[in-house]
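Structure assessment
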Amino acid sequence: MATADRKSPGNETLLFIDPSGGTSYATVICLTSNSFGIVNNIIDAKSKCGADTLPGTQSFSVDFEGQVVYNASGAKIGIYELLTLAKNQTKIGWKIAQAVPEAYDVIITGTGFIAEVQNTYGDEAPATFTAKLGVYGTPTITENP
């Protein structure tokens, strides 16, 4: 029997980080958005045979933003952990996945470092942050069985 199509709710897709560089992930707390991207550069391979292109170098991006939370409890990553990991240029493990993965959900994992963290403290708004990961190598993309 075929499974029905199911849309992915964005609010259930989270970023998890292992500050030790492995796979013991903790949730990045109070995200407002997170993203994963792949860019394949294009090589111009035109010749007298005609127009042509080839795939060039590949890069990956992981961007995320959220509300500043102090004293994150339990298995959670708050602003202190993000700032400390960035300052120390710590190698981390990371995962983007549903909070509770179901069949056919995409799970993306890799290693990297916190490349950028920017805090914003507005007058009449919650304190927020934006951040980026630097990605080592090629991430693994799997489908939950």
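Below, the structure is looked at part by part. No experiment lies behind these values; they were computed from the predicted model shown.

1. Thoughts on the overall build of the protein chain
Summing up its helical and strand segments, the protein chain has 1 helix and 8 strands in all. The linear arrangement of helices and strands in the protein chain, starting from the amino end, is β-β-β-β-β-α-β-β-β. Whereas a compact globule of 145 residues would reach a radius of gyration of roughly 15 Å, the protein chain reaches 18 Å, over 25% beyond that. When the backbone C-alpha atoms are referred to their principal axes, the protein chain occupies close to 65 × 45 × 35 Å. Within the protein chain, the proportion of its 145 residues that are buried is 29%.

2. Considering the pattern of salt bridges
Summed over the entire model, instances satisfying the criterion amount to 3 salt bridges. Glu102 serves as the salt-bridge partner of Arg6, at 3.6 Å between the closest nitrogen and oxygen. Of this pair, Arg6 sits in the segment before strand 1 (13-18) while Glu102 sits in the loop between strand 6 (92-98) and strand 7 (106-120), and the two are 96 residues apart along the sequence. By relative accessible area, Arg6 is classed as partly exposed at 41%. Since its relative accessible area comes to 42%, Glu102 is described here as partly exposed. Measuring nitrogen to oxygen at the nearest pair gives 2.5 Å for the salt bridge that ties Asp105 to Arg6. Of the two residues, Asp105 sits in the loop between strand 6 and strand 7 while Arg6 sits in the segment before strand 1, which places them 99 residues apart along the sequence. Residue Asp105 is classed as buried on the basis of its relative accessible area of 8%.

Calculation notes
- Residues numbered from 1 in each chain as written.
- Predicted model: local features only at pLDDT ≥ 70, side-chain atom pairs only at ≥ 80, totals over all residues.
- Heavy atoms only, no water.
- Helix = DSSP H or I, 4+ residues; strand = E, 2+ residues; numbered from the N terminus.
- Rg over C-alpha atoms; globule rule 2.2 N^0.38 Å.
- Buried < 20%, exposed > 50% of the residue type's maximum accessible area, 1.4 Å probe, protein only.
- Salt bridge = Lys/Arg side-chain N within 4 Å of Asp/Glu carboxyl O.

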